[in-house]
Amino acid sequence: MSATRTAVVTGSTSGIGLAIARALAAQSCNVVVNSFSDRPEDHEVAAEISRAHKVEAAYIGADMSKPAECRALVAKAAERFGSVDILVNNAGIQHVAPVEEFPVEKWDAIIAINLSSAFHTIAAAIPLMKREGGGRIVNIASAHGLVASPFKSAYVAAKHGIMGLTKTVALEIARDHITCNAVCPGYVLTPLVEAQIPDQMKANNMDRDTVVREVMLDRQPTKEFVTVEQVAAAVTYLCSEAAAQVNGTHISIDGGWVAQ
Ligand code: NAD
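Just so it is clear, the model here is predicted, and its values are computed rather than measured. Throughout, a residue's number is its position along its own chain's written sequence, starting from 1. This being a predicted model, a pLDDT of at least 70 is required before a residue's local features are given, and a value of 80 or more before pairs of side-chain atoms are given or counted; all residues contribute to the totals for chains, interfaces and linings. Excluding hydrogens and water, the side-chain values take into account all heavy atoms of the structure.

Things to note about the overall build of the chain
Secondary structure summary: the chain contains eight helices and seven strands in total. As a reference, a globule follows 2.2 Å times the number of residues to the power 0.38, and the radius of gyration itself is taken over C-alpha atoms. The C-alpha radius of gyration of the chain comes to 18 Å, within 12% of the 18 Å expected for a compact globule of 260 residues. When its C-alpha atoms are laid out on the principal axes, the chain stretches across 55 × 40 × 35 Å. Relative accessible area decides the class of each residue, using a 1.4 Å probe on protein chains only: under 20% of the type maximum gives buried, over 50% gives exposed, and in between gives partly exposed. By residue count, 52% of the 260 residues in the chain fall in the buried class. The helix and strand labels rest on DSSP assignments: H or I over at least four residues marks a helix, E over at least two residues marks a strand, and numbering proceeds from the N terminus.

Shown next, in the form of structure tokens:
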């Protein structure tokens, strides 16, 4: 691997992805920050990470619903920094509705962004990692990669899919000093979760506090939200030398949710 590792984190201007980009920069990695919006404030996120951690950080816009842009993100990162040593597939969206009313375009977008984007970025990154003699791939799945909840058919299908992708890729690259693992958070209070509270209120006919207590934290035995920093710490572990033999598996960070 290169002396200074380069990390690409998809969907990293907000929430969990931003915390992962910061945590990897704190480990002295160069960082590629990504989202689809390409606004001045997105570039400022990268500039702020660069200043705070004295690393090189660049914002590269790419829409993870588009296969060619997923692959171009990896290529542009390698062009900018010389290699891609760490790939974190984090970009994700959510939509909550009963399956018979689930909008087809939302299904397609969730499968594209939450699952297929990882196929494309991984396919683009593996030849670069092999060239460098190793690498790390971390897919941000979910407790919903392991168990289901009602009204989230597309999300649960995509997250179960990424668990299968993780295991398959892990077997394919096992002898190339590359590992591929997943992180499965429970509920983390990010903009993605905030945005689904109104839909959950409607789908369950509940007020906000009841949704948080009875729908979200009901499944999380600790009754506390996971923090973005806790998820990021699992990612930095999986990217460390200590995790060199951790491959094709997942780390759950869900307060005990899937133990039930
Ligand atoms: P968030 O909404 O805060 O951030 C999502 C990020 O993805 C943003 O930077 C956004 O710009 C980016 N993004 C969205 N669509 C994109 C696209 N088409 N192209 C490129 N970037 C795009 O969400 P979050 O809660 O931080 O979620 C991050 C990941 O963690 C997702 O994969 C999500 O499924 C997963 N996750 C979240 C929770 C939770 O409770 N928040 C729990 C388990 C798993």
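What follows picks up the thread again.
Examining the pairing of strand β1 (residues 6-9)
Residues of β1 alternate between two faces, with Thr6 and Val8 on one and Ala7 and Val9 on the opposite face, all of them buried. Relative to strand β2 (residues 30-33), β1 runs parallel, the two being bridged by four bridges. Across the sheet, the residue bridging to Val9 is Val33, located in β2. Orient the strands so they point away from the viewer; a crossover is then right-handed if the path from the first strand over the helix to the second runs clockwise. With helix α1 (residues 15-26) bridging β1 and the parallel β2, this β-α-β connection has right-handed handedness. Strand pairing follows a simple DSSP-based rule, namely that at least 2 bridges must link the two strands. Inspection of the sheet shows β1 paired to strand β4 (residues 86-89) by three bridges, in the parallel sense. Residue pairing for β4: Val9 is matched across the bridge by Val88.

Considering the packing of aromatic side chains
The aromatic pairing rule takes the rings of Phe, Tyr and Trp, using the six-membered ring of Trp, and pairs them if the centres are within 6.5 Å, calling planes under 30 degrees apart stacked, those over 60 edge-to-face and the rest tilted. On inspection of all chains with the given rule, the structure shows one aromatic pair. Only when the NZ atom of a Lys or the CZ atom of an Arg is both within 6 Å of the ring centre and within 35 degrees of the ring normal do we say a charge sits over the ring. We note Arg71 situated over the ring of Phe119; from NZ or CZ to the ring centre the distance is 5.5 Å.

A word on helix α6 (residues 191-204)
Working rule for helices: expected span equals 1.5 Å times residues minus one. The terminal C-alpha atoms of α6 lie 20 Å apart, and with 14 residues this matches the ideal 20 Å at 1.5 Å per residue to within 8%. The bend at a residue is defined as the angle formed between two axes, one fitted to the seven residues ending at that residue and one fitted to the seven starting there. The largest bend along α6 measures about 30 degrees and falls at Pro198. Every buried residue of α6 is listed here: Val193, Gln196, Ile197 and Gln200. The contact criterion used is simple: two residues touch if any of their non-hydrogen atoms lie within 4.5 Å. Contacts from the buried residues of α6 go to α7 (208-216). Looking one or two places after α6, you find Asn205, whose phi comes out positive at around 55 degrees.

What to know about the sheet that holds β4
The seven strands lie next to each other as β3-β2-β1-β4-β5-β6-β7, forming an open sheet whose pairing is parallel. The open sheet is flanked by β3 (57-59) and β7 (250-253), the only strands paired with a single partner. On average, each strand axis in the sheet is tilted by 15 degrees relative to the strand beside it, whichever way the strands run. Comment: axis = line fitted to C-alpha atoms, over the contacting stretch for helices; angle = value between 0 and 180 degrees taken between N-to-C directions. In the packing of helix α5 (residues 153-172) onto the sheet, contacts are made with β5 (135-140), β6 (178-185) and β7, and the angle to β6 comes to roughly 160 degrees.

Some details on the site of the ligand
Taken together, 31 residues sit near the ligand, with Ser14, Asn90, Tyr155, Val188 and Thr190 positioned nearest. Whenever two N or O atoms come within 3.5 Å, that pair is a polar contact, provided that in protein one can donate a hydrogen and the other can accept it, and provided that, for residues adjacent in sequence, both atoms are side-chain atoms. Note that a nitrogen atom of the ligand is positioned 2.9 Å from one of the side-chain N or O atoms of Asp63. Computed with the Shrake-Rupley method and a 1.4 Å probe, the accessible areas treat only the protein chains shown as cover for residues. Protein contact buries 92% of the 840 Å² of open area that the ligand shows by itself. Ranked by the residues each element gives to the shell around the ligand, the list is headed by α6, at three residues. Gly is put with the polar residues, along with every residue not named as nonpolar or charged; the nonpolar set is Ala, Val, Leu, Ile, Met, Phe, Trp, Tyr, Cys and Pro, and the charged set is Asp, Glu, Lys and Arg. By residue class, the composition of the shell around the ligand is 16 nonpolar, 13 polar and two charged. Throughout, near means a residue has at least one heavy atom within 4 Å of the molecule or strand.

A few points about the pattern of salt bridges
For salt bridges, the criterion is a side-chain nitrogen of Lys or Arg within 4 Å of an Asp or Glu carboxyl oxygen. Across all of its chains, the model carries nine salt bridges by this definition. A salt bridge links Glu132 to Arg131; its shortest N-O distance comes to 3.6 Å. Judged by its relative accessible area of 22%, Glu132 falls in the partly exposed class. Owing to a relative accessible area of 54%, Arg131 belongs among the exposed residues under this scheme. Salt-bridge contacts for Glu194 lead to Arg208; the nearest nitrogen and oxygen are separated by 3.3 Å. Of the two residues, Glu194 is situated in helix α6 and Arg208 in helix α7; the sequence distance between them amounts to 14 residues.

Brief notes about helix α4 (residues 104-132)
Because an α-helix completes one turn every 3.6 residues, residues spaced three or four positions apart along the sequence face the same direction. Its 29 residues place the ends of α4 41 Å apart at the C-alpha level, agreeing with the 42 Å of an ideal helix rising 1.5 Å per residue. Of all the bends in α4, the greatest, near 45 degrees, is centred on Ser116. Positive backbone phi, at 85 degrees, marks Gly133, one or two positions downstream of α4.

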